[in-house]
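Here is how the chains run, residue by residue.
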Amino acid sequence: MNDTSNLLGQLKIDKTARQSACPGGARWLLAGVGLLLIAAIVWLLFLRDGAPTIRTTTVRSAPTGAAAAASVLDASGYVVARRQATVSSKLTGKVVEVLVEEGMRVEDGQVLARIDDINARAQLALAESQLAAARAQLAEVRVQLAEARRQLQRSRSLAERKLVSEAALDTAQAEVDALEARLASTESQVVVAERGVLVQQRNLEDTVVRAPFAGVITVKNAQPGEMISPLSAGGDGTRTGIGTLVDMESLEIEVDVNENFINRVQPGQPVAARLNAYPDWEIPAEVVAVIPTADRSKATVTVRVGFLQKDPRILPEMGVRVAFRESEPAQAAEQRPAGVLVDADAIEVNGDTGVVFVVRDDTLERRAVRLAGKTASGVRVASGLAAGDVLAVGDQSGFSDGMAVSIEP
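Please read these numbers as outputs of a predicted model, since none were measured by experiment.

A. Here's a closer look at the environment of Asn 258. Tracing the chain through its elements places Asn 258 in strand S13 (residues 251–258). When sequence neighbours within four positions are dropped, the list of residues in contact with Asn 258 reads Ala 299 and Thr 300. Side-chain polar atoms of Asn 258 contact the backbone nitrogen of Asn 260, separated by 2.8 Å.

B. Quick look at the side chain of Gln 269. Summarising the element assignment, Gln 269 is placed in the loop between S13 and strand S14 (270–275). For Gln 269, a relative accessible area of 2% translates into the label buried. One polar contact links the side chain of Gln 269 to the main-chain carbonyl oxygen of Arg 264, over a distance of 3.3 Å. Separated by 2.7 Å, the side chain of Gln 269 and the backbone oxygen of Arg 325 make a polar contact.

C. Expanded view of the environment of Thr 240. Residue placement: Thr 240 occurs in the loop between strand S11 (238–239) and strand S12 (243–246). By relative accessible area, which is 40% here, Thr 240 ends up partly exposed. Between the C-alpha atoms of Thr 240 and Ile 228, which are 12 residues apart in sequence, the distance is 5.7 Å.

D. Spotlight on the sheet that holds strand S4 (residues 84–87). Here we have 4 strands laid out as an open sheet, ordered S4-S12-S9-S6, and antiparallel in their pairing. Since the sheet does not close on itself, it has two edges, and those belong to S4 and strand S6 (105–106), each with one partner. The pairing of strand S9 (residues 215–220) with S12 spans 4 bridges and is antiparallel. The residue bridging Lys 220 from the neighbouring strand is Gly 243, located in S12.

Rules of the game
- Residues numbered from 1 in each chain as written.
- Predicted model: local features only at pLDDT ≥ 70, side-chain atom pairs only at ≥ 80, totals over all residues.
- Heavy atoms only, no water.
- Helix = DSSP H or I, 4+ residues; strand = E, 2+ residues; numbered from the N terminus.
- Contact = heavy atoms within 4.5 Å.
- Polar contact = N/O pair within 3.5 Å; in protein donor to acceptor, adjacent residues only side chain to side chain.
- Buried < 20%, exposed > 50% of the residue type's maximum accessible area, 1.4 Å probe, protein only.
- Pairing = 2+ DSSP bridges.

Have a look at this one:
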């Protein structure tokens, strides 16, 4: 039993020996590691995010010339073509050939389609036959008249010698007069027949549909085999045109301006246009005319605005926004400094100078700039900044040179 008790006693855990095996230095080491972890968490949560969050704006290039003038009125409208047509034939007939597709550019007089010309050719052949018959009849009358005139001359000679009676002479004279009248009538019939041939030739030419001016086909209406008519025939099977032709050189803008502000618009006034499809593209334009009538239902006046430069991106029926600029002499527009544009809340103005804070690598850089005036789009800066610079926006008193910041997303 004693040996068994000794063995069991050796298996017991000595708590005193375990406590002595963990010295006090190790405990301090574990506590230090914990403090370091806590400090790291505090730094991540507070110290790193301690930089103030700011809003920014980008410096923009300032427009020059007439486009730099302040806007006096903004409006919206649509691109329209002053010159467009639904091209059709002059005759009602069946389409046998269509030579155009949508988007195709055509020249003035180019053949667009052909109409069935069988009947027109038959009518032309008939008119030519009638003309030939009239000319043959005219030749016959001329021969008869020549013979009648010779007979009259012989009768006069015989009458002078008292060899024929006066009645025979009168008969010869009447025959000549009748043939002269018949000759005049036949000549008129020949003229009528010639004009009939011209008419039938014109009808034959009208079976060929040609472009009335140079432009682009925007709509194709007819197909081979369909009937076409210059007027509506009242049925779905008859087309009124081959297609729609638009002169792209005649594109302009139509804008409906509220009649309360029409006094701000005048012909020749500079305009900045922006297509809805290309909002960052400013197109120079000018007012062509103010239509001298108002729309009673909408209380608006239509204004025509012409593009000063053409571009294939400008298409009919596109939506467009326009800004009517202040009119000024061309010399003044050329002398206006270009510079850049800055939002008013990103600059501290002091007379002709100002102070901005440029953001570089999440750090503010204080910079003095020289001003060139104010516009509706912002403050114009003549020197000290370049287009594309990023500026801090907000209370300038809270910024300082070299200050670390966090940019608002």
